[in-house]
Amino acid sequence: DQQVKQNSPSLSVQEGRISILNCDYTNSMFDYFLWYKKYPAEGPTFLISISSIKDKNEDGRFTVFLNKSAKHLSLHIVPSQPGDSAVYFCAASARGAGGTSYGKLTFGQGTILTVHP
Amino acid sequence: DTGVSQDPRHKITKRGQNVTFRCDPISEHNRLYWYRQTLGQGPEFLTYFQNEAQLEKSRLLSDRFSAERPKGSFSTLEIQRTEQGDSAMYLCASSLVRNTEAFFGQGTRLTVV
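Counting from 1, residues in each chain are numbered in the order their sequence is written. The lettering of chains begins at A and the numbering of ligands begins at 1, in the order of writing. The predicted origin of the model limits local features to residues at a pLDDT of at least 70 and limits the giving and counting of side-chain atom pairs to 80 or more, whereas totals for whole chains, interfaces and linings rest on all residues. Water and hydrogen atoms were dropped before computing side-chain values, which therefore reflect all heavy atoms in the structure.

Draft legend 1. Highlighting the overall build of chain B. Only DSSP runs of H or I covering at least 4 residues are called helices, and only runs of E covering at least 2 are called strands; the numbering of each starts at the N terminus. Helix and strand content of chain B: zero helices and eleven strands. Helices and strands appear in chain B in the N-to-C order β-β-β-β-β-β-β-β-β-β-β. Two things to know: the radius of gyration comes from C-alpha atoms, and the globule rule equals 2.2 Å times the number of residues to the power 0.38. Here chain B has a C-alpha radius of gyration of 13 Å; the compact-globule value for 113 residues is 13 Å, and the two agree. Projected onto the principal axes, the alpha-carbon positions of chain B cover approximately 40 × 25 × 25 Å. For every residue, the accessible area (1.4 Å probe, protein chains only) is compared with the maximum for its type, and the residue is labelled buried under 20%, exposed over 50%, or partly exposed between those bounds. In chain B, which comprises 113 residues, the proportion classed as buried is 47%. Contact criterion: two residues are considered in contact whenever any of their non-hydrogen atoms come within 4.5 Å of each other. In chain B, once contacts between residues fewer than 6 apart in sequence are set aside, the share between residues at least 24 apart is 52%. When the accessible surface of chain B is summed, it comes to about 5,900 Å², and 44% of that surface belongs to carbon and sulfur atoms. Charge centroids of chain B, computed over 15 positive and 13 negative side chains, lie 5 Å from each other. Method for areas: the Shrake-Rupley scheme with a 1.4 Å probe, in which residue coverage is limited to the protein chains shown. Lys and Arg are tallied as positive, Asp and Glu as negative. Neither His nor the chain termini are counted. Note on charges: their place is set at NZ of Lys, CZ of Arg, CG of Asp or CD of Glu.

Written as structure tokens, this is what we have:
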């Protein structure tokens, strides 16, 4: 049961253009979402996050949009740079028992982004 | 602080052998997580600790797997009687309780031959 899905295994973009990575989730208990970036032979690196009380969060070239009714989020990278080429993972979390804190992350399968010079 | 550290980086073992991996989290982080990643998939949750207490363990986790965090600092993950299907990247991450963002180590790549 894949609760977090990234349906595009790969995306190729020209340098300077916008990269849009998509993610869908099925578990309505998820209310915190994160994007991680992973280079080969390294662990995932946190990029940006969004709480379900927001529909947009921006950090420099990176913006995450959340559509709760559609259970969909997306990561926009503008402008894209060759150094952005990596695997991008969407992750989601739900509050634990008692509703006080978050626990484990549930990840999507990842999207390989390639930015061409 | 140099971040989350995992040892070894690579491990090749014969089927049926036991292996143990170590994770040293960021020093002030009280949460520690273990994930497993196979080719073409995202990290899959295995278990996590808050201080020395193991708070959750994946239902998919075989009883051949055991994890400890005896003093609330470093953690070990042991796999007994390894099988070829155990071949994967084992990732450790740590965080503060109040934060959801987890910081990952570089992982231990296990190959069972």
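Next comes the rest of the account.
Draft legend 2. Highlighting the state of the cysteines. Residue and element names in this part refer to chain A. By disulfide we mean two sulfur atoms from cysteines, separated by a distance within 2.5 Å. Within this structure, the stated rule accounts for two disulfides over all chains. Each disulfide pairs two cysteine sulfurs, and for Cys 23 the partner residue is Cys 90, the sulfurs being separated by 2.0 Å. Every disulfide takes its handedness from the sign of the S-S torsion; for Cys 23 and Cys 90 that torsion is -70°, giving left-handed. Note that Cys 23 is positioned in strand S3 (residues 19-25) and Cys 90 in strand S9 (residues 86-93), a separation of 67 residues in sequence.

Draft legend 3. Focus on the layout of surface pockets. Grid points spaced at 1 Å over the protein atoms alone were grouped into cavities, where a 1.4 Å probe fits but cannot get out, and pockets, open sets with protein on both sides within 12 Å along at least five of seven lines, with lining residues defined by an atom within 4 Å of a point. Grid points are joined across faces, edges and corners, and a volume is the space filled by probe spheres set on the points. The space that makes up the largest pocket amounts to roughly 820 Å³. In terms of lining residues, the largest pocket is bounded by 31 residues, among which Asp 1, Gln 3, Lys 104 and Thr 106 of chain A together with Phe 45 of chain B are the most central. For the lining of the largest pocket, the secondary structure elements donating two or more residues are S9 and strand S10 (106-107) of chain A together with strand S5 (44-50) and strand S6 (53-57) of chain B. For the lining of the largest pocket, the element with the highest residue contribution is S5 of chain B, accounting for three residues. Partitioned by chemical class, the residues of the lining of the largest pocket number eleven nonpolar, twelve polar and eight charged. Here the second largest pocket defines a volume of roughly 430 Å³. What lines the second largest pocket is a set of 23 residues, and nearest its centre among them are Gln 37, Thr 38, Leu 39, Gly 40 and Gln 41 of chain B. Of all elements in the fold, only S9 and strand S11 (111-116) of chain A together with strand S9 (88-95) and strand S11 (108-112) of chain B reach the threshold of two or more residues within the lining of the second largest pocket. Amino acid classes used here: Ala, Val, Leu, Ile, Met, Phe, Trp, Tyr, Cys and Pro are nonpolar; Asp, Glu, Lys and Arg are charged; the rest, including Gly, are polar. Counted by class, the lining of the second largest pocket contains eleven nonpolar, ten polar and two charged residues.

Draft legend 4. Quick look at unusual backbone geometry. Here the amide bond leading from Val 78 of chain A into Pro 79 of chain A is cis, since omega sits at -10°, within 30 degrees of zero. Tracing the chain through its elements places Pro 79 of chain A in the loop between strand S8 (72-77) and S9. At the junction of Asp 7 of chain B and Pro 8 of chain B, the peptide bond is cis and its omega measures out at -5° in the coordinates. By the secondary structure assignment, Pro 8 of chain B is in the loop between strand S1 (5-7) and strand S2 (10-13). With a phi close to 50°, Lys 71 of chain A is a non-glycine residue in the positive phi region. By relative accessible area, which is 26% here, Lys 71 of chain A ends up partly exposed. You will see that Arg 81 of chain B, though not glycine, has its phi angle at about 50°, which is positive. Within the secondary structure, Arg 81 of chain B is located in the loop between strand S8 (75-79) and S9.

Draft legend 5. Up close: the pattern of salt bridges. All names here are of chain B. Within this document, salt bridges are pairs made up of a side-chain nitrogen of Lys or Arg and a carboxyl oxygen of Asp or Glu, the two lying within 4 Å of each other. Under the counting rule described, the total for this entry stands at seven salt bridges over all chains. In this structure, Glu 44 engages Arg 36 in a salt bridge whose closest nitrogen and oxygen atoms are separated by 3.4 Å. In this structure Arg 36 comes out as buried when scored by relative accessible area, which is 15%.

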